[in-house]
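In case you want the letters, here they are:
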Amino acid sequence: MIGRVFRLTGRGIADFAVHPFAHLLTLTAVAMVAFLAGFVLLTLHNVNLQLLKSRGQVEFQLYWSPDANPQVVQSEWQKIADMSELEEFRAFTPEDALIELAESLGESGDFSWLKEQNPLPHTALAAFAIPPEKQTDGWAAKLLTELKSLPGVEKVHYAPTQMDLAQGWIAVTRTVAWPVVGFLALVAALVVGNTIKLSLMTRRDEVEILSLVGAKPWYIRWPLLTGGFLQGVLGSAAGLGLLLVAQNTLKDALNIPPLFLQVRFLPLEQCVLLAGGVVFVSLAASWVAVR
């Protein structure tokens, strides 16, 4: 039994030599579909990486009251610096803030006359990374309340849309990606199915003779299913190879100022899912065709 299966499998592989042109066109089409689906996933993957890198944190601007005790403010700065998820922290005394303001205004920013009566308060800029498991549970609002409760803090500003933008974009990419990938899978199924039907038409006499002599359906179908499976494997491998070439070509195309974006290849699990999806679609289309 096992030997017969191996013979039928070899026969399915040998069919590639019988109809090389049709199988080559099918392999090309499957490879291009796999490449296009992979390119869509590659684009979304890199956009997600860059968006989460730049938007995956929330920045808070803290302003203390002008009459706040400098020693108390210093202790609160240390308390903020020890908080979890803190990515970046910059603190400014009134003197530091005045110097920063003067430097930002250039030649017109001469505020030396305000040194004795500086109206600027103690300020700080704190950037916190958004923990993935806390993105939707009001984590930023709780942190805002905690910062506002610090003694002497008069105002705290932050942009809540930063976190919403990252979450919204990921939701959009998921909504857009699957219909596109599904459409490309349908194209692959039609291409492979039509090729299998073409192979059946060219072998109609052989199939009828096998049926007349009592060959079981699985004996007739196995070589055809083997061909569909092999087309899926080779097509997905070729598509991923083309995708890797494209990624290496575009890797540093955007790695220039002011973008500094490096195109990264798909993670292993996405490559496996893409290849497995192409093979499954090819095998399913073959099965429908031989039925």
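Residues numbered from 1 in each chain as written. Predicted model: local features only at pLDDT ≥ 70, side-chain atom pairs only at ≥ 80, totals over all residues. Heavy atoms only, no water.

## Here's the deal with the overall build of the protein chain
Each helix and strand counted, the protein chain has nine helices and four strands in total. Of the regular secondary structure in the protein chain, the N- to C-terminal order runs α-α-β-α-β-α-β-α-β-α-α-α-α. Among the 291 residues that make up the protein chain, the fraction classed as buried is 37%. Nonlocal contacts in the protein chain, meaning residues at least 24 apart in sequence, comprise 82% of its contacts between residues at least 6 apart. For the protein chain, the exposed surface amounts to about 17,200 Å²; the carbon and sulfur share of it is 65%. (Helix = DSSP H or I, 4+ residues; strand = E, 2+ residues; numbered from the N terminus. Buried < 20%, exposed > 50% of the residue type's maximum accessible area, 1.4 Å probe, protein only. Contact = heavy atoms within 4.5 Å. Areas by Shrake-Rupley, 256 points an atom, 1.4 Å probe, with all protein chains shown as cover.)

## Quick notes on the confidence of the model for the protein chain
Per-residue confidence for the protein chain gives a mean pLDDT of 75; residues scoring 70 or more make up 64%. The least confident element of the protein chain, judged by mean pLDDT, is helix H1 (residues 2-18) at 64; the most confident is helix H3 (residues 70-81) at 88. (pLDDT = per-residue confidence, 0-100.)

## Observations regarding the nonpolar core
In terms of nonpolar packing, the biggest core is built from 21 residues, with Phe-60, Leu-62, Trp-64, Ile-80, Phe-128 and Leu-147 touching the most fellow members. Those elements that provide at least two residues to this core are strand E1 (57-64), H3, strand E3 (123-129), helix H5 (139-148) and strand E4 (153-158). For this core, the element with the most residues is H5, which contributes five residues. Excluding its chain neighbours within four sequence positions, the residues that come into contact with Leu-62 are Ile-80, His-122, Thr-123, Ala-124, Ala-126, Leu-147, Leu-150, Lys-155 and Val-156. Of all hydrophobic cores here, the second largest spans 20 residues; its members include Ala-34, Ala-37, Leu-266 and Cys-271. (Core = buried A, V, L, I, M, F, W, Y, C linked by side-chain atoms within 4.5 Å.)

## Description of the side chain of Thr-93
Secondary-structure assignment places Thr-93 in the loop between strand E2 (86-92) and helix H4 (94-105). Taking relative accessible area as the criterion, Thr-93 reaches 17% and is therefore assigned buried. Excluding residues within four positions of it along the chain, Thr-93 makes contact with Trp-77 and His-122.

## Here's the deal with H5
For H5, every residue scored as buried is listed here: Trp-139, Ala-140, Leu-143, Leu-144 and Leu-147. Relative to the axis of H5, the buried residues are bounded by an arc of 135° and lie together on one face. Away from its buried face, by an angle of more than 90 degrees, H5 presents the exposed residues Lys-142 and Thr-145. (Arc of directions from axis to C-beta.)

## Observations regarding the packing of aromatic side chains
Within this structure, the stated rule accounts for three aromatic pairs. With a centroid separation of 5.9 Å and 40° between ring planes, the pair formed by Phe-35 and Phe-39 is classed as tilted. Pair noted here: Phe-35 and Phe-39 are both in helix H2 (residues 20-55), with a separation of four residues, about one helical turn. The class of Phe-35 is buried, set by a relative accessible area of 17%. Given a relative accessible area of 33%, Phe-39 falls into the partly exposed group. The aromatic ring of Tyr-63 is capped on one face by Lys-155, whose charged end is 5.4 Å from the ring centroid. (Phe/Tyr/Trp six-rings, centres within 6.5 Å; stacked < 30°, edge-to-face > 60°. Lys NZ or Arg CZ within 6 Å of the ring centre and 35° of its normal.)

## Notes on a nonpolar patch on the surface
Among the surface-exposed residues, Phe-229, Val-233, Leu-234 and Leu-283 lie close enough to one another that they form a single nonpolar patch of about 300 Å² accessible area. The element best represented in the nonpolar patch is helix H8 (residues 217-250), accounting for three residues. As for its placement among the helices and strands, Val-233 is situated in helix H8. (Patch = residues over 30% accessible without salt bridge, like charges linked within 9 Å, V, L, I, M, F, W, Y side chains within 5 Å. Salt bridge = Lys/Arg side-chain N within 4 Å of Asp/Glu carboxyl O.)

## Quick word on the environment of Leu-184
Summarising the element assignment, Leu-184 is placed in helix H6 (residues 161-202). For Leu-184 and Val-30, which are 154 residues apart along the polypeptide, the C-alpha to C-alpha distance reads 9.5 Å. Those residues in contact with Leu-184 that lie beyond four places of it in its chain are Val-33, Leu-36 and Ala-37.

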